[in-house]
Structure formats: C-alpha cells, structure tokens
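Here's the letter readout for the chains.
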Amino acid sequence: PETITIQELANRMSERAVDVIRLLMKQGQIHKITDVIDSDSAQLIAEELGHTVRRVAESDVEEGLVSDEPDLEEDLDPRPPVVTIMGHVDHGKTSLLDAIRKTTVVSGEAGGITQHIGAYQVAAPSGDMVTFIDTPGHAAFTSMRARGAKVTDIVVLVVAADDGVMPQTVEAISHAKAAGVPLILAINKIDKPEANPQRVRTELLQHDIQVESMGGETLEFEVSAKTGDGLSDLLEGLQLQAEIMNLRANEQRDGEGTVIEAKLDRGRGPVATVLVQRGTLFTGDIVVAGAEWGRVRALIDDKGENVPYAGPSVPVEVLGFNGTPDAGDRVVVVPNEARAREVTEYRARQKRERIAARTGGANRSLVDMMR
Ligand code: GTP
Ligand code: MG
C-alpha cells in the first residue's frame, strides 16, 4: 500500500508537522514526525487541513512503459560483455583502452585527462565484440549506481605497476563489489624499469583481492599500454569471463538502455550517449529518458558514423532529444508522441514537486499522494 511520512506529508502541504501530529492524535493515533502513515489517513488529514487531494498512482502513468514479460529462451542471443575500466588517476585507463582501440584518444584530450565517458566497441582476437566504458574518475559511476543504473558486466581494475594500490584503486574495488560484478586485474606500465607487479598483487590481498598466481580466483594480466604487451591476453581473458557469464539479450524488441552521458551540443542540440541493453533502438523511434523525450533523428556509433539501429551492448550517440537527459536515466521506446509527453510531463511535475517539497514551498491546494 502507498504510504507517506508525516514530515513529507506536512512538506507537501506546507503545513507544520506538529499540526499533522495533533490532528492524528485527535483521531486517537500517536505518531512521531518520522512515522509512516497510509495514504487513506494522509488524505483525511490533508482534507481536514483544507487541501485538495489528488491521488496519483505511479503505475497509472508508468505502467506498461517497459514490458515486464520475460524474454523467451529462443529469443535470446549472445551479446557482448560491457566492461568498465576503473583505477586510480593516471594509472593508464584511457591509454589502455586507447591501445586496445589503436587510436589516439589520449593525445586528443586536454592534458591527457579524461573529460567525458567514452564508450567503444572493439573486436577480441576471437572476433567477438567487447564493449568498453572509460570513466573520468568514479563520480559518474557512483551517481549512476546510486540511481540504480546497472550498466557494467565486468570491471577491469587498472593498477600501475610503478605506483601500486592507491585510494581510487580501493574505491574501484568497492564499486565492483557493491555492483556484484567480476573484477579482472590489469597491472599496467610493466614496461617501466621501476615496475613492481608483485607488490601490486601483495597490496591487493589487503583488499580481499586474491589473484590466480597467488592461489586466488581473480584473473590477472600484466600489460603495457605503451608497448601493447599483454593486451590481447587481456582481451581473451575478458572474452573468457564473458563466456562463463553467458550474457544474452533479446534483440527483437523495442530498444532499452541507459544514458551514459549527455550534453547540449551547440550545433547538434542535446546529445546522449546511450548504452543499449535490450532490444534494438532505431532511428525514428520515439524515446523517453528521465523527464526528456524525443524522436531519434540520428544514431552515431563509436567511430562517428551514422547507423540505422543499435542492438544490445552497443553504445551510440542519440540525437533528437528535446532536452538533455541525465546520466543514469533509463531510455525506453514508447509508441507515440502523446505517450512520450504524458510520461515526461508526469516525471517533470514530480521532479518539481520533490524540489518544492524540499524547499518547503509545496503547492497548498494540491497534495499528490504517492508511495
Ligand atoms: P585519468 O583519466 O586522468 O584518471 O588517467 P588515466 O588512468 O586514463 O591515465 P592515462 O591513460 O591518461 O595515462 C596517464 C599517463 O601514464 C600518461 O602519460 C600515459 O602516457 C602514461 N601511461 C599509460 N600507460 C602506460 C604504460 O603502459 N607505460 C608507460 N610507460 N606509461 C604509460
Ligand atoms: Mg583517462
């Protein structure tokens, strides 16, 4: 059943919580400000205080947005693993990814520091694809996780052999653990004379990471982004891990995914980098992401080329949103513009009301009852 705390109810009415408590007491109910009451009691209180109540069930608007129907076994096809590269600043995440892609992202970045999340697909030696997500530090990952977005299947922890375990290494380990995804160790910069990979392995023991060569289960690879040593082994290791995980998705349904990053581009308007996770996203689709919607005008792949569609585990830039969605927003296809408007207007209103409630300026005449 829907419930609300007394504090929240008071906020939404711009009333004092003590007055709500007093009214409840008159009805023989003793409550603290943090107590939760059901929506029926809340409605009575609100009306008694002279407010108009509109009950909005989230499910009414959001229902059916994404089909809950499980995919049939025969509709599932293998999909590429989505791999997030994490590690301490300057340990070589971008260089590693870059070496894997054999392009030059690092030299194009301001000061060699990652400015945005890049998402790319490369072919492993077997020919199978692997999707990589590079992170600009872990804040983006944290906020996405906090919002319930699950994008990664595997974390590659990059530790520089000349520097060892550092604060953000530890942070990355806890991210991987909290997300419940396997972690693969890449000990980078082994080309350096002062490299000490054994020290890295030993230091990781203190953080519950036991690598294979020390009798543990964590896959480990010594690599150099500079010389390219060990990179194909790393890719093979990722492939192997992915096979064990048996990652599959149904391509034959409406596209669904997550916004990895989004920005307002001067020339192109809102641009959202979306990781498709289920189904297939087509140009012309009408999509909703958070409180924004749009008709997909173009899909641009990681090589900068226009593509007509994108399937599971494929990262694409999506053009055509009417506003800029947030990283972590879930992207879904809706049947028509009217539906898109309905859902996003509802969400936008909710967002406004949440903010208003927080700042104490709730609408006096309207109290929405939700959860
Ligand atoms: P942030 O995105 O800022 O967190 O850094 P990053 O982890 O992406 O590191 P980046 O790839 O920018 O590399 C940092 C520095 O280390 C650069 O100067 C690279 O040239 C250097 N570097 C990266 N990998 C290697 C390597 O394998 N060997 C050597 N010798 N240098 C490397
Ligand atoms: Mg980087």
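Residues numbered from 1 in each chain as written. Chains lettered and ligands numbered in written order. Predicted model: local features only at pLDDT ≥ 70, side-chain atom pairs only at ≥ 80, totals over all residues. Heavy atoms only, no water.

Student: Tell me what's going on with the sheet that holds strand β8 (residues 154-160), and back it up with residues and numbers.
Tutor: Judged by pairing direction, the sheet is mixed, and its six strands sit side by side in the order β6-β7-β5-β8-β9-β10 without closing on themselves. The open sheet has two free edges, formed respectively by β6 (118-123) and β10 (220-222), since each of these has just one partner strand. Direction aside, the axes of adjacent strands within the sheet are offset by 25 degrees on average. As paired strands, β6 and strand β7 (residues 129-134) are joined by six bridges and run antiparallel to one another. Counted as the bridge partner of Gly118 is Asp134 from β7. Relative to the sheet, helix α5 (residues 93-101) contacts β5 (82-87), β6, β7, β8 and β9 (183-188), its axis offset from that of β7 by approximately 155 degrees. (Pairing = 2+ DSSP bridges. Helix = DSSP H or I, 4+ residues; strand = E, 2+ residues; numbered from the N terminus. Axes fitted to C-alpha atoms, helices over the stretch in contact; angles between N-to-C directions. Contact = heavy atoms within 4.5 Å.)

Student: I'd like a description of the environment of Val316, backed by residues and values.
Tutor: The residue Val316 is located in strand β19 (residues 315-321) in this model. Measuring from C-alpha to C-alpha, the distance between Val316 and Ala298 comes to 9.6 Å, with 18 residues separating the pair along the chain. The contacts of Val316, once residues within four sequence positions are left out, are Ala272, Thr273, Val274, Val276, Leu299, Ile300, Asp301, Val307 and Ala310.

Student: Go over the confidence of the model for the chain with me, naming the residues and quoting the values.
Tutor: If pLDDT is low for a region, its predicted coordinates should not be looked at in detail. Residues of the chain with pLDDT of at least 70 account for 84%, and the chain-wide mean is 85. Scored below 50 in pLDDT, residues 109-117 shows 18 contacts in the model against residues more than four places distant or in partner chains. Predicted confidence for residues 361-365 stays below pLDDT 50, and this span has 14 contacts to residues more than four positions away or in other chains. What the predictor reports for the complex is a pTM of 0.77 with an ipTM of 0.98. (pLDDT = per-residue confidence, 0-100.)

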